Amino acid sequence: MSVRPSFWQERIQKVIRDQFDGENFVGNAIIIPAYDKDPDKEHIQKLKTNNISNGKPIKYLIHVPTMRVPKDVINSTNAYLSFRGVILAVQKHNRNPENQPIRRVLCPGLGTAVGRMPFNRCAFQMVQAFEIFDLRLNDKLMKPDKLWDVRAHDKMMQEYNE
């Protein structure tokens, strides 16, 4: 039994084939418009019913892998790398005056399903990425002078277990 790919899946797969030689790597976020034109009333009603975005249409799709192939990423920093990629891609998108700015991002727990990353570790890694690359709370990690700083941070995120 084969399952037909969704409209969005087909669109992002085409971009990956055409612009990235068929593979998007962990932490590289790609932003595409969710629709070729304004979303229809049926889509907006589904959003209201599901309370996904307060009834506002979702205008962009952001694709960011958390693993190259389906596998366990429990002891990785892949959630951090992936959310970092989302933040940087949104910042780049918003710098272009021709783009409608992205003000909110809905994001699932990165790597928590197939990758089996514990929810608390994923959330911690995503907060770390947000604090460093959006709030700019740690220049030492945003633009590190020494690899040791990154290594210590990476180890701390892999072992986080509260």
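These numbers were taken from a predicted model, which means no experiment stands behind them.

Novice: I'd like to hear about the environment of isoleucine 12, residue by residue, with values.
Specialist: Looking at the secondary structure, you find isoleucine 12 in helix α1 (residues 7-19). For the pair formed by isoleucine 12 and isoleucine 30, sequence separation is 18 residues and the distance between their alpha carbons is 8.3 Å.

Novice: I'd like a rundown of the packing of aromatic side chains, residues and numbers included.
Specialist: Inspection of every chain in the model, using the stated rule, returns two aromatic pairs. Arranged with centres 6.4 Å apart and planes meeting at 55°, the rings of tyrosine 80 and phenylalanine 133 form a pair that is tilted. Here the residue tyrosine 80 occupies a position in helix α3 (residues 78-95), and phenylalanine 133 occupies one in helix α4 (residues 119-133), the gap between them amounting to 53 residues. Given the relative accessible area of 4%, phenylalanine 133 is considered buried. Their ring planes at 5° and their centres at 3.9 Å tell us that phenylalanine 124 and tyrosine 160 sit as a pair that is stacked. In this pair, phenylalanine 124 sits in helix α4 while tyrosine 160 sits in the segment after α6 (147-159), placing the two residues 36 residues apart along the sequence. Considered together, phenylalanine 124 and tyrosine 160 belong to a single accessibility category, that of buried residues. Positioned above the aromatic ring of phenylalanine 133 is the side chain of arginine 84, whose terminal nitrogen or guanidinium carbon lies 4.6 Å from the ring centre.

Novice: Give me the nonpolar core: which residues, what numbers.
Specialist: Ranked by internal contacts, the top residues of the largest apolar core, which has 24 residues, are Tyr80, Phe83, Val86, Leu110, Cys122, Ile132 and Phe133. Elements with a minimum of two residues in this core: α3, α4 and α5 (139-142). At seven residues, the largest contribution of residues to this core is made by α3. Among residues more than four places away in sequence, those in contact with tyrosine 80 are Gln125, Gln128, Ala129, Ile132, Phe133, His153 and Met157.

Novice: Break down α1 for me, citing the residues and quoting the values.
Specialist: For α1, with 13 residues, the first-to-last C-alpha span of 18 Å sits near the 18 Å given by 1.5 Å per residue. Among all positions in α1, only Ile12, Val15 and Ile16 are buried. Looking straight down α1, one finds its buried side chains confined to an arc of 100°; they lie on one side. Relative to its buried face, α1 has exposed residues pointing more than 90 degrees away, namely Arg17 and Asp18. On its buried side, α1 packs onto β1 (30-33) and β2 (60-63). Residue aspartate 21 follows α1 closely and has a positive phi angle near 55°.

Novice: Give a description of a nonpolar patch on the surface that names residues and reports values.
Specialist: A contiguous nonpolar surface patch, about 290 Å² in accessible area, is contributed by Phe130, Leu135 and Leu137. If you trace the backbone, leucine 137 turns up in the loop between α4 and α5.

Novice: Any details on the side chain of asparagine 78? Residues and values, ideally.
Specialist: Among the secondary structure elements, asparagine 78 is positioned in helix α3. Here threonine 66 takes part through its backbone oxygen, which lies 2.7 Å from a polar atom of the side chain of asparagine 78. Not counting residues within four places of it along the chain, the set of residues in contact with asparagine 78 comprises Val26, Thr66, Met67, Val73, Met117 and Gln125.

Analysis parameters
- Residues numbered from 1 in each chain as written.
- Predicted model: local features only at pLDDT ≥ 70, side-chain atom pairs only at ≥ 80, totals over all residues.
- Heavy atoms only, no water.
- Helix = DSSP H or I, 4+ residues; strand = E, 2+ residues; numbered from the N terminus.
- Phe/Tyr/Trp six-rings, centres within 6.5 Å; stacked < 30°, edge-to-face > 60°.
- Buried < 20%, exposed > 50% of the residue type's maximum accessible area, 1.4 Å probe, protein only.
- Lys NZ or Arg CZ within 6 Å of the ring centre and 35° of its normal.
- Core = buried A, V, L, I, M, F, W, Y, C linked by side-chain atoms within 4.5 Å.
- Contact = heavy atoms within 4.5 Å.
- Expected span 1.5 Å × (residues − 1).
- Arc of directions from axis to C-beta.
- Patch = residues over 30% accessible without salt bridge, like charges linked within 9 Å, V, L, I, M, F, W, Y side chains within 5 Å.
- Areas by Shrake-Rupley, 256 points an atom, 1.4 Å probe, with all protein chains shown as cover.
- Salt bridge = Lys/Arg side-chain N within 4 Å of Asp/Glu carboxyl O.
- Polar contact = N/O pair within 3.5 Å; in protein donor to acceptor, adjacent residues only side chain to side chain.

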